[in-house]
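Working through the structure, step by step
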Amino acid sequence: MVSLKHLSLGVLILQTTSLVLTMRYSRTAETRGPRYLSSTAVVVAEVMKIAACVVLVFFEQGMNISRLGSTLRQELVGKPLETLKLAVPSILYTLQNNLLYVALSNLDAATYQVTYQLKILTTALFSVAMLGRRLEMSKWVALVLLMTGVALVQMPAEAKPEGSKSHSLGSQVVGLLSVLTACCTSAFAGVYFEKILKGSRPSLWVRNIQLGLFGAIFGLFAVVMSDYELVVELGFLQGYNSITWTVVSLQAFGGLVIAAVIKYADNILKGFATSLSIILSTVMSYYILDDFRPSSHFFIGASIVICATFLYSREVKVNIAPIIPLIAKESQQ
């Protein structure tokens, strides 16, 4: 029988693969009118996530409007310090989401995906430092093997595909810096949120409402700072089409999937599932986006990634430092 943990990871693989492909396509495909603003897309995704979480809390409260209102007031207004704690990961997630749009606008899919896998290492380091987690040597080896394998898989061929878009050195630097920053913000925010989630009682969906509220506020601030004139001239939803709405929906849904994954598995295991989705999206990018040509590196790297995944996923007891017994207790319930 498939466990909830593995089911969540499987859905995450599908979601991440679809998001990378559609986001890349939406930022590079030719358009008749103005292209949508990535800053507004981040805000719309947060609003959709909030709406979805409110519905989920409504079902958790037995579809009782009064209980829903009471729960939201108690958690959002009645505990201001707890709510403010979510401002830290929220602003980092908002920054990360904006940076990924920038990265996929300036880098080809292969370069983007290789560099973004550094978040696996940064997540492991933050997990050890913040959660007191101790990884056995086999898992460190698996991490190294995974990064090596994914790097080989995503290594671009020497010959560029015919008709492929080339990027200037300046745009490549912007893209690389965006990915590197996103790796650090994603890792810290993910581990910080995991610590809050596993060490407290509130509903998973209430936590995401809190994140979404801060995310929407910070996102609107980014819109004002970067695209205010364009929004005033052409509107908040300028350039939106079916592909744009697909990207936004996948982002909103992805946030909820990631939250579920954190509940049933740690961030490092989530990173492995994401890495496997990278292999799938690379294959699809070759046939659909035509921005990657597979080579011998691809086949060697794919084999290493599969071996690393099995190595890391082995049932090995992970020792948790005694400084965080509450987290271990919560994970067993």
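Parameters and conventions
Residues numbered from 1 in each chain as written. Predicted model: local features only at pLDDT ≥ 70, side-chain atom pairs only at ≥ 80, totals over all residues. Heavy atoms only, no water. Helix = DSSP H or I, 4+ residues; strand = E, 2+ residues; numbered from the N terminus. Buried < 20%, exposed > 50% of the residue type's maximum accessible area, 1.4 Å probe, protein only. Contact = heavy atoms within 4.5 Å. Areas by Shrake-Rupley, 256 points an atom, 1.4 Å probe, with all protein chains shown as cover. pLDDT = per-residue confidence, 0-100. Phe/Tyr/Trp six-rings, centres within 6.5 Å; stacked < 30°, edge-to-face > 60°. Core = buried A, V, L, I, M, F, W, Y, C linked by side-chain atoms within 4.5 Å. Salt bridge = Lys/Arg side-chain N within 4 Å of Asp/Glu carboxyl O. Disulfide = S-S within 2.5 Å. Axes fitted to C-alpha atoms, helices over the stretch in contact; angles between N-to-C directions. Parallel < 35°, antiparallel > 145°, perpendicular 65-115°, else oblique. Left-handed = near helix turned anticlockwise from the far one by under 90°.

1. Some points on the overall build of the protein
- Broken down by element type, the protein carries 14 helices and zero strands.
- Reading the protein from its N end, one meets helices and strands in the order α-α-α-α-α-α-α-α-α-α-α-α-α-α.
- Split into buried and exposed, the 333 residues of the protein put 50% on the buried side.
- Restricting the contact set of the protein to residue pairs at least 6 apart, pairs at least 24 apart contribute 86%.
- As displayed, the protein has an accessible area near 16400 Å², and 67% of this comes from carbon and sulfur atoms.

2. Some words on the confidence of the model for the protein
- Per-residue pLDDT for the protein has a mean of 79; in total, 78% of the residues score no lower than 70.
- The secondary-structure element of the protein with the lowest mean pLDDT is helix 14 (residues 325-332), recorded at 37, while helix 2 (residues 38-60) shows the highest, at 93.
- In this model, residues 317-333 is a region of pLDDT below 50 whose contacts with residues beyond four sequence positions or in other chains number 19 contacts.

3. Quick word on the packing of aromatic side chains
- Counted according to the given criterion, the structure contains seven aromatic pairs.
- Each ring, one from F126 and one from F188, has its centre 5.4 Å from the other, and the planes form 75°; the classification is edge-to-face. Highlighted residues: F126 in helix 7 (residues 118-131) and F188 in helix 9 (residues 169-198), separated in sequence by 62 residues.
- Residue classification places F188 among the partly exposed residues on the basis of a relative accessible area of 27%.
- Ring geometry for F214 versus F218: centroids 6.2 Å apart, planes at 20°, classification stacked.

4. Points about the nonpolar core
- Ranked by size, the top nonpolar core spans 24 residues in total, and within it Y101, Y112, Y116 and V179 carry the most contacts.
- Contributions of two or more residues to this core are made by helix 1 (4-28), helix 2, helix 5 (87-106), helix 6 (109-116), helix 9 and helix 11 (242-264).
- Top contributing element to this core by residue count: helix 5, with five residues.
- Sequence-distant contacts of Y112, that is, excluding residues within four places in its chain, are made with V20, L100, A103, L104, L107 and V179.

5. What about the pattern of salt bridges?
- Under the definition given, this model contains two salt bridges.
- Between E75 and K79 there is a salt bridge; the shortest N-O distance is 3.6 Å.
- When its relative accessible area of 31% is taken as the criterion, K79 is described as partly exposed.

6. Considering the state of the cysteines
- All told, the structure shown has zero disulfides when counted by the stated rule.
- Looking at C183, it has no disulfide partner, and the nearest cysteine sulfur is the one in C184, 6.7 Å off.
- Owing to a relative accessible area of 2%, C183 belongs among the buried residues under this scheme.

7. A few points about unusual backbone geometry
- Residue M63 is not a glycine yet carries a positive backbone phi of 55°.
- If you trace the backbone, M63 turns up in the loop between helix 2 and helix 3 (65-77).

8. With respect to the packing of helix 5 against helix 10 (residues 204-234)
- Contact pair helix 5 / helix 10: the axes reach a minimum separation of 8 Å and the direction vectors enclose 50°. When the axes of helix 5 and helix 10 are compared, the pair comes out oblique. The two elements helix 5 and helix 10 meet at a crossing, and its hand is right-handed. Contacts from A87, P89, S90, I91 and T94 in helix 5 reach L211, F214, G215, F218 and G219 in helix 10.

9. Some details on the environment of L19
- The topology assignment puts L19 in helix 1.
- When its relative accessible area of 17% is taken as the criterion, L19 is described as buried.
- Each C-alpha atom, one on L19 and one on L250, is 5.9 Å from the other, the two residues being 231 residues apart in sequence.
- Among all residues touching L19, those that are not within four sequence positions of it are V247, L250 and Q251.

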